[in-house]
Amino acid sequence: MMEQLSIDDAKKMSEEELFRKLNTSSEGLSSEEAGKRLAQVGPNALPDKHKSIILIFLGYFWGPIPWMIEIAAILSLVVKHWTDFFVIFTLLLFNAGIGFWQEMKASNALDALKAQLALKAKVLRDATWQEIDARDIVPGEIVRIKIGDIIPADMKLIDGDYVSVDQAALTGESLPVNKKAGDIAYSGTIVKQGQMTGVVSATGANTYFGKTAGLVSKAGATSHFQKAVIHIGDYLIYLSLGLVAILFIVQLSRGDNLLLLIQFALILTVASIPVAMPAVLSVTMAVGALALSKEKVIVSRLEAIEEAAGMDILCSDKTGTLTQNKLTLGTSVLFQAKDEQELILDGALSSETDTHDAIDTTVVAGIKDKKALSAYTLKKYIPFDPVRKRTEAILTDTNGKEFSVTKGATQVIMDLCKLSDDDQKRANEEVEKFASEGYKTLGVARKETGGDWKLSGILTLSDPPREDSASTIAQAAEQGIQVKMVTGDNVSIAREISGQLGLGTQIQKVDDIFRSDDDIKHPGKQIAKKIEVADGFAEVFPEHKYGIVKALQSEDHITGMTGDGVNDAPALKQADIGIAVSGATDAARAAADLILTMPGLSVIINAVAEARKIFERMNSYAMYRIIETIRIMFFVVLAMIFYNFYPITALMIILLAFFNDIPIMTIAYDNTFLSKKPVKWDMKKVMSISTVLGLIGVLETFGILIIARDYLKMGTAQIQTFIFLKLAVAGHLTLFVTRTKKPFLKSPHPAPSLLWSAVFTKVLATLFVVYPLGLITPISWTDVAFIWAYCIFWIFVEDQAKLAMYRHLEHRGGKKHDLFFSIIKNPIHPYHKH
């Protein structure tokens, strides 16, 4: 059996002892051996705490709502209403089945998303470096870690200069810890600087992280929309219970049978409370997240869908998002280098050849004679990091002579070299000239042992805008989203690219905005206004991104921020919507809400459009639930108080729940209106429109009751059937009204799944009232035709009322309209996470 080592054991052992104990070497494992070890020790992951499917299902029979249904069923047995008992018991099974099915659907969707977020790791197998899923790492593996990586397993570092590791999540240390060969790097910590290799000593639950995972918890904050829905749910519950209490007291005083009254009250309460609301919302968001994954956007936090729907400012990286990230070498500027190829060689020697870095790949590709690189031996390599802004390599030539080369941000390389005044002036002029033409410049320098850095020259790189960027930016503007460019390049390059893209040329140098660290952490009103009016920002460091987000949020903007590096993580966490771009580091992906698997701005804008559609689906469902509760509860209670008879039976209420719940579950797939501006949860508007439409529903139901009782002279049993069909037909017609802010007959038309499920249940309800199988009193086809015509007439009335309410509320704009506003004591504000 493959042994896994504790941290203490791995610390005590020398490199040779560790290799012996783990039966490995510096050459790594073979694929065959790795496969054997994986079968022995299992995947490099914490055990999934999956709850038993049976326990999940049984959980749907436990809780306040199931208890109410169960009590109603028992009371049916007591009074020997066998039909009621079987139907109520079926409702209990139906609710449990629907809830269970929805939970499984949401869970499977989330599992699919998690699979796409799997971490990767670089390992030495079969004597070659390979990228594999981190969960497939085994003890004895040789792994390379670099800046931005989340360390995939406990390992002892064996080769490389150093790595700076953020261990805050495990140890609470606020500052990164420098580690060198012989030190232990812990699973789950983040590499902030440097690059090293290590041998894996423990994986999965045997790692330090695995053993302390119970102490490290990730709180799942309730989202703003969920809070709003909880407010609605509470309101409907209190309203239902209050009306049922009034009904109970009135009917009890009239001498109604106590057991029958309790049974009816329980069933009426269950039908009025939004039992399916959590399931509908979970599935709507999970299905939406799966749809986004097909658009190359992975959602790491479902609530981010709501926040993306409200985003009005997007701060986008230039390289790879607005531009093609397909660099080509342009004209070079020579200083100490004899010719262009010598300059490119110095640049290539300070590059990594086995990397996907766009700059390194472009520079190495510029060498005409590829054999030239093999004449040098690399002794030490220091990779690029956002603070030093340069790479460095120490090499020896064929004669054993040692020298160093470096490349990086031109100003950083110029400062490293002791340039004469003339060279300094010339270099600055060249950089400014190329920048004004949209070229990025790269300084290259060389140093002999014991000597000073000498500027070899300046390489120029062009990265043209993506073909779709300008049109996507225009599309974003139409949708109410302002795009601001963020780049580390200088102002001239930023202004040129920004102008080409149609973003504007008001580019701010961040050093002119943030004068101190305190300005970044606590941007004042003046700084916020400067950032708000700027079209973009140049010479940006990762910490500046954090300040930009904070400033925009202080002005009540829902802000998105893109990033790819480890140091972008704070800004991505602070942003309302943190977006890790394609190719981002593990650390950036872990901090982000949305993770792109394809480059380009269009991916983000399409994701926002999809998020707004998802929001509208949830919004229309919330309105529908309020309307239905008001319609049924007020009508039943008032009809019993004024007419002293049950306008609908307990059995009919149960059947209504059946007929209503089936189509509602398809709302997650509905076609919906796409708002041309950011959408925010407006509780006052929802409550106002829902209340008006709900009261219209009460009025129209009383109308048909009066017609059946006073004009058609029906008996009580027939009236109940009449009312049942009216409520069944009108219910989903109302859903078609609430699902769009336009006239309901206009596009977007309902999705086939929603339309046909509604048609199917309405046909069933219609057939049931004509051929009721002895369960209720039947009515004629003539009565059915009248009810359908009556409902269709009133749906147009409701639609006109809805349009009038939207016009009225939008006309009043920011004016405070307080209809039902007092119900919601804590108004829902924009979606800032912090």
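This text goes with the structure placed above it.
Conventions adopted
Residues numbered from 1 in each chain as written. Predicted model: local features only at pLDDT ≥ 70, side-chain atom pairs only at ≥ 80, totals over all residues. Heavy atoms only, no water. Helix = DSSP H or I, 4+ residues; strand = E, 2+ residues; numbered from the N terminus. Buried < 20%, exposed > 50% of the residue type's maximum accessible area, 1.4 Å probe, protein only. Contact = heavy atoms within 4.5 Å. Areas by Shrake-Rupley, 256 points an atom, 1.4 Å probe, with all protein chains shown as cover. Pairing = 2+ DSSP bridges. Right-handed = clockwise from strand over helix to strand, strands pointing away. Axes fitted to C-alpha atoms, helices over the stretch in contact; angles between N-to-C directions. Parallel < 35°, antiparallel > 145°, perpendicular 65-115°, else oblique. Phe/Tyr/Trp six-rings, centres within 6.5 Å; stacked < 30°, edge-to-face > 60°. Lys NZ or Arg CZ within 6 Å of the ring centre and 35° of its normal. Expected span 1.5 Å × (residues − 1). Core = buried A, V, L, I, M, F, W, Y, C linked by side-chain atoms within 4.5 Å. Polar contact = N/O pair within 3.5 Å; in protein donor to acceptor, adjacent residues only side chain to side chain. Patch = residues over 30% accessible without salt bridge, like charges linked within 9 Å, V, L, I, M, F, W, Y side chains within 5 Å. Salt bridge = Lys/Arg side-chain N within 4 Å of Asp/Glu carboxyl O. Lys, Arg positive; Asp, Glu negative; His and termini not counted. Charge placed at Lys NZ, Arg CZ, Asp CG, Glu CD.

> Before we move on, could you go through the overall build of the protein chain and cite the residues and values that matter?
In terms of regular secondary structure, the protein chain is built from 31 helices and 22 strands. Within the span of the protein chain, comprising 834 residues, buried residues form 54% of the whole. Considering only contacts within the protein chain whose residues lie at least 6 apart along the sequence, 72% involve residues at least 24 apart. Summing over all exposed atoms, the protein chain offers an accessible surface of approximately 36000 Å²; the carbon and sulfur share of this is 57%.

> Which residues make up the pairing of strand 21 (residues 577-580), and what values do they have?
Consecutive side chains along a regular strand alternate between the two faces of the sheet. Here strand 21 shows two buried faces, one formed by Ile577 and Ile579 and the other by Gly578 and Ala580. Relative to strand 21, strand 20 (residues 559-563) is paired through four bridges, and the arrangement is parallel. Paired with Met561 across the bridge in strand 21 is Gly578. By the bridge criterion, two bridges tie strand 21 to strand 22 (residues 594-596) in an arrangement that is parallel. Its bridge partner lying in strand 22, Ile579 is registered against Leu594. Following the chain from strand 21 across helix 25 (residues 586-591) to the adjacent parallel strand 22, one finds a crossover that is right-handed.

> Break down the sheet that holds strand 21 for me, citing the residues and quoting the values.
Across the sheet, eight strands lie side by side as 8-22-21-20-9-17-19-18; this open sheet has mixed pairing. Pairing within the sheet leaves two strands with one partner each, and these edge strands are strand 8 (297-299) and strand 18 (507-509). Each adjacent strand pair in this sheet contributes to an overall mean axis angle of 20 degrees, direction not counted. Strand direction decides the pairing type here: strand 18 and strand 19 (residues 536-538), joined by three bridges, are parallel. Bridge pairing in strand 19 places Ile507 opposite Gly536. Sitting on the sheet, helix 22 (residues 525-533) touches strand 17 (482-486), strand 18 and strand 19, and the angle it makes with strand 17 is about 100 degrees.

> Help me get a handle on the packing of helix 17 (residues 421-436) against helix 19 (residues 491-501), residues and values and all.
Packing of helix 17 against helix 19 leaves a shortest axis separation of 7 Å and a crossing angle of 10 degrees. As far as their axial angle goes, helix 19 and helix 17 are roughly parallel. Each of Glu432, Ala435 and Ser436 in helix 17 lies in contact with helix 19, whose residues at this interface are Ser492, Ile493 and Glu496.

> Break down the packing of aromatic side chains for me, with residues and values.
Across all of its chains, the model carries 11 aromatic pairs by this definition. For the ring pair Phe434 and Tyr439, a centre distance of 6.0 Å and an interplane angle of 75 degrees mean the geometry is edge-to-face. In this structure Tyr439 comes out as partly exposed when scored by relative accessible area, which is 27%. Ring centres of Phe786 and Tyr790 lie 6.0 Å apart, and the angle between their planes is 35 degrees; on these two criteria the pair is classed as tilted. Of this pair, Phe786 and Tyr790 both sit in helix 31 (residues 781-812), four residues apart, which is roughly one turn of the helix. Exposure remark for Phe786: the relative accessible area of 31% places this residue in the partly exposed category. A network of ring pairs unites the aromatic residues Phe722, Phe786, Tyr790, Phe793 and Trp794 as a single cluster. Positioned above the aromatic ring of Phe541 is the side chain of Lys389, whose terminal nitrogen or guanidinium carbon lies 3.9 Å from the ring centre. The residue whose ring lies beneath Arg446 is Phe403, and the NZ or CZ to ring-centre distance is 4.0 Å.

> Give a detailed account of helix 23 (residues 542-554), specifying residues and quantitative values.
With 13 residues, helix 23 should cover 18 Å at 1.5 Å per step; its first-to-last C-alpha distance of 19 Å lies within 8% of that length. Among the residues of helix 23, those classed as buried are Pro542, His544, Lys545, Gly547, Ile548, Val549, Ala551, Leu552 and Gln553. Of the residues flanking the end of helix 23, it is Asp556, one or two places downstream, whose phi is positive at about 65 degrees.

> Which residues make up the nonpolar core, and what values do they have?
Core analysis: the biggest nonpolar cluster contains 126 residues, and Leu268, Ile305 and Phe724 have the highest contact counts within it. With residues up to four places along the chain from it excluded, the contact list for Leu268 reads Val244, Leu247, Ile632, Met633, Val636 and Ile653. The next biggest cluster of nonpolar side chains, apart from the first, holds 29 residues, and it includes Val486, Ile513, Ala528 and Ile595.

> Report on helix 19, specifying residues and quantitative values.
Taken together, the buried positions of helix 19 are Val491, Ser492, Ile493, Ala494, Ile497, Ser498 and Leu501. The N-capping residue of helix 19, defined by a side-chain oxygen 3.1 Å from the backbone nitrogen of Ser492, is Asn490. With its phi angle positive at about 80 degrees, Gly502 sits one or two positions after the end of helix 19.

> Before we move on, could you go through a negative patch on the surface and cite the residues and values that matter?
On the surface, Glu15, Glu16, Glu17 and Asp159 cluster together into a patch of negative charge. When residues in the negative patch are grouped by element, the largest group, three residues, is from helix 2 (residues 15-22). Within the fold, Glu15 resides in helix 2. A residue is classified by how much of its surface remains accessible, and Glu15, at 32% relative accessible area, is partly exposed.

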